[in-house]
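So you can see what is in the structure, the chains are spelled out below.
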Amino acid sequence: MCPFGTQNIRESQRVLSRNLSAFAYRALYLISAREGGVSLVNLLFGFKGRINRTQYWLGSFGVGFAAIVLNVIVSMAAAPSATMVTKEAAVQAAPMLLIVLGLISMVAGWAGTALQWKRFHDRGRPGWIAFTPMLPAMMIGVSIVGRALEGAPFGAMVAGVMPWVFLLLAINLYFFIELGCLAGNAGPNTYGDPPGSG
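Residues numbered from 1 in each chain as written. Predicted model: local features only at pLDDT ≥ 70, side-chain atom pairs only at ≥ 80, totals over all residues. Heavy atoms only, no water.

J.: Would you mind showing me how to read the environment of Gly184 here?
T.: For Gly184, the location among the structural elements is in the segment after helix H6 (154-181). What makes Gly184 partly exposed here is its relative accessible area of 25%. Apart from residues lying up to four places away in sequence, Gly184 is in contact with Arg119, Asp122 and Arg123. (Helix = DSSP H or I, 4+ residues; strand = E, 2+ residues; numbered from the N terminus. Buried < 20%, exposed > 50% of the residue type's maximum accessible area, 1.4 Å probe, protein only. Contact = heavy atoms within 4.5 Å.)

J.: Would you take a moment to explain the nonpolar core for this structure?
T.: Generally speaking, a soluble globular protein has its nonpolar side chains buried in company with each other. Counting 17 residues, the largest nonpolar core has Leu44, Val63, Leu115, Phe120 and Phe175 as its most contacted members. Here this core takes six residues from helix H4 (residues 87-122), the largest share from any one element. Discounting chain neighbours no more than four positions away, the residues touching Leu44 are Val63, Trp110, Ala111, Ala114 and Leu115. (Core = buried A, V, L, I, M, F, W, Y, C linked by side-chain atoms within 4.5 Å.)

J.: Before we go on, may I ask you to explain the pattern of salt bridges in this structure?
T.: A side chain of one charge can pair with a side chain of the opposite charge if their charged atoms are brought near each other. Throughout the structure, instances matching the rule amount to four salt bridges. For Asp122, the salt bridge identified is with Arg50, shortest N-O distance 2.8 Å. Note that Asp122 is positioned in helix H4 and Arg50 in the loop between helix H2 (40-45) and helix H3 (53-84), a separation of 72 residues in sequence. No difference in accessibility class separates Asp122 from Arg50, as the two residues are buried. (Salt bridge = Lys/Arg side-chain N within 4 Å of Asp/Glu carboxyl O.)

J.: Even after reading the chapter, I still don't get H6, so can you show me in this structure?
T.: Because each turn of an α-helix spans 3.6 residues, side chains separated by three or four positions in sequence point in the same direction. The terminal C-alpha atoms of H6 lie 38 Å apart, and with 28 residues this matches the ideal 40 Å at 1.5 Å per residue to within 8%. Helix geometry: H6 is bent most strongly at Met162, by close to 40°, with proline Pro163 lying one to four residues after it. Among the residues of H6, those classed as buried are Met157, Gly160, Val161, Ile171, Phe175, Glu178, Leu179 and Gly180. (Expected span 1.5 Å × (residues − 1). Bend = angle between axes of the 7 residues up to and from the residue.)

In structure tokens form, the structure reads like this:
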């Protein structure tokens, strides 16, 4: 028997659910209504227009949180089937799990890129700058695979990757300052009217 009583636990769950719902509603209101009238779909998946810092941070945290929760749910849903059946069935289920997790990552990546694209527009810069981290990321992958195929020791692999890692870190620091800390253009620019203060 639970020392806290079933009734108290149920009431606590109802209060928590109400508070989370109110928080989610308030966050969506901040994103869509007050902050420039951008819809949630356009905020997360569109590449036109401008968003301010508030919309950028709320959207980024929302996308990241949703991606983590979905990855955990999908992984946990796949875990019992992998442990309760034979090894062969688990091996056969693994590709489907990777496909679903890959799709979640692709949607989250699209939404994150759309947020950065519009935030660059708010700063008066072209949105394609959001793709610049892909170059060092690809070069890290190419360097690792190339050195592994050569049979290079682990230390040589790390040494070959480090310049690209430092470049990626520098780009991410620039993104943090440019997108997350600096205010957008005060008036209209090439990409549209200002989204609101933030």
